[in-house]
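# Breakdown of the fold
Chain by chain, the residues:
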Amino acid sequence: LPLCFPEKLWKMLESDQFQSIWWSEGGKCVAINKDLFKVEVLGRGVCQQVFNTRHIKSVIRQLNLYGFTKVQRDFQRSASLPEFLAEEAAASAHSQILYYYNPSFNRAHPWLLGRCKRR
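Remember, predicted model here, so these are calculated numbers, not experimental data.

Conventions adopted
Residues numbered from 1 in each chain as written. Predicted model: local features only at pLDDT ≥ 70, side-chain atom pairs only at ≥ 80, totals over all residues. Heavy atoms only, no water. Core = buried A, V, L, I, M, F, W, Y, C linked by side-chain atoms within 4.5 Å. Buried < 20%, exposed > 50% of the residue type's maximum accessible area, 1.4 Å probe, protein only. Contact = heavy atoms within 4.5 Å. Helix = DSSP H or I, 4+ residues; strand = E, 2+ residues; numbered from the N terminus. Pairing = 2+ DSSP bridges. Axes fitted to C-alpha atoms, helices over the stretch in contact; angles between N-to-C directions. Arc of directions from axis to C-beta. Salt bridge = Lys/Arg side-chain N within 4 Å of Asp/Glu carboxyl O.

Counting 25 residues, the largest nonpolar core has L9, I21, F37, F51 and F105 as its most contacted members. Dropping the residues within four chain positions of it, L9 is found in contact with I21, V30, L63, F68 and F105.

Have a look at this one:
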């Protein structure tokens, strides 16, 4: 039987084959490096495709359909200009990373995966 989207996502996260997607927040969130994901996962040939798409927007749409919500990362800004500029550069690089959360998608509780249903 083919795997549903949450099962494919789980297998990717548990695999050491992908550098563009990982567990964050202690296994409660999915982190995706957008640019690397486009190359590493969506840029694969037809025989090696994980998802039936080559577009990141389609993957994000699937995340939303299965109840994942985007999590914003908050950064405290420094008052000094040099530190502020360094933090801005880090935040810009960090903006390529998307974070998604679903209460039924938790590394510590794999039995909840069955609750990830398409809306």
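For the rest of this paragraph, the subject is the environment of L113. Among the secondary structure elements, L113 is positioned in the segment after β4 (97-101). Overall, L113 belongs to the buried group, its relative accessible area being 17%. Residues L113 and N102, spaced 11 residues apart in sequence, show a C-alpha to C-alpha distance of 9.9 Å.

Turning our attention to the sheet that holds strand β1 (residues 21-24). Taken in spatial order, the 4 strands line up as β1-β2-β4-β3 in an open sheet, and their pairing is antiparallel. Single-partner strands in this sheet number two, and they are β1 and β3 (69-70). Bridging between β1 and strand β2 (residues 29-33) involves 4 bridges; their strand directions are antiparallel. Within the sheet, the bridge partner assigned to W22 lies in β2 and is A31. Contacts from helix α1 (residues 5-14) reach β1 and β2 within the one sheet, and its direction differs from that of β1 by about 85 degrees.

Moving on, we get to helix α3 (residues 56-65). Among all positions in α3, only I56, V59 and L63 are buried. For α3, the angular spread of the buried residues around the axis is 60 degrees, confining them to a single face. Contact partners of the buried residues in α3: α1, β2, α2 (34-40) and β4. At the exit of α3 stands G67, carrying a positive phi of roughly 85 degrees.

Moving on, we come to the pattern of salt bridges. Enumeration according to the criterion identifies 1 salt bridge in this entry. A salt bridge links R107 to E14; the shortest N-O distance between them is 3.1 Å. In this pair, R107 is assigned in the segment after β4 and E14 in helix α1, connecting sequence segments 93 residues apart. The partly exposed category is assigned to E14, whose relative accessible area is 40%.

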